[in-house]
Structure formats: C-alpha cells, structure tokens
Amino acid sequence: MIFIGGITQKAKTLNQGFFQCPICQQQRQYIHREYRNYVSLFFIPIIPINKTGEDVTCTYCKTAMPTHVLK
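Below, the discussion takes up the overall build of the protein chain. A tally of helices and strands in the protein chain yields zero helices and four strands. Starting at the N terminus and ending at the C terminus, the protein chain contains elements arranged as β-β-β-β. A compact globule built from 71 residues would reach a C-alpha radius of gyration of about 11 Å, whereas the protein chain, at 16 Å, exceeds it by more than 25%. With the principal axes as the frame, the protein chain shows a C-alpha extent of 55 × 20 × 15 Å. A buried classification covers 25% of the 71 residues belonging to the protein chain. Restricting to contacts in the protein chain with at least 6 residues of sequence separation, those with at least 24 account for 45%. Roughly 5,200 Å² of accessible area belongs to the protein chain as shown, and the carbon and sulfur atoms make up 56% of that amount.

See below:
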C-alpha cells in the first residue's frame, strides 16, 4: 500500500471590506486572510498544525500587505 502525505498550506478568509490602499491611493476592496499549515493525506488537508500568518490583499492591484494597513 502506498500513502501520499505531506504539509499543505490553506488560506481562510476572515474579513472583506473597503480600505485606503497605500499602493493604489484610492478606496479599494480588500480580503483579510489567515494562513495555516495542515498535515495532508492524499492531497487532502486533515490536521491543522500551526498558523503561519495573516495578510490583507487589495482586490484591485493584488498586492498582499500586513494587517496594520487596515488601521
């Protein structure tokens, strides 16, 4: 029997809204995401291991920024 396992990273959307994008210099929509590592079996994430970070992405310019830009 062959088992295919490994570590997979998944993103979870925490929040969406509008903010002043520092790159676009305009009010734009954003997506606030949290990233976690999972143990995967046959490419299916099963057990969460740890949180690897969070970011805010502007949906217009697609730039990922730290979460402090929302303040």
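After that view, the rundown keeps rolling.
Locating Thr59 in the fold gives a position in the loop between β3 (44-58) and β4 (64-65). Since its relative accessible area comes to 28%, Thr59 is described here as partly exposed. For the pair formed by Thr59 and Phe42, sequence separation is 17 residues and the distance between their alpha carbons is 32 Å. Once residues within four sequence positions are removed from consideration, Thr59 is found in contact with Gln29, Tyr30 and Ile31.

Rules and cut-offs
Residues numbered from 1 in each chain as written. Predicted model: local features only at pLDDT ≥ 70, side-chain atom pairs only at ≥ 80, totals over all residues. Heavy atoms only, no water. Helix = DSSP H or I, 4+ residues; strand = E, 2+ residues; numbered from the N terminus. Rg over C-alpha atoms; globule rule 2.2 N^0.38 Å. Buried < 20%, exposed > 50% of the residue type's maximum accessible area, 1.4 Å probe, protein only. Contact = heavy atoms within 4.5 Å. Areas by Shrake-Rupley, 256 points an atom, 1.4 Å probe, with all protein chains shown as cover.

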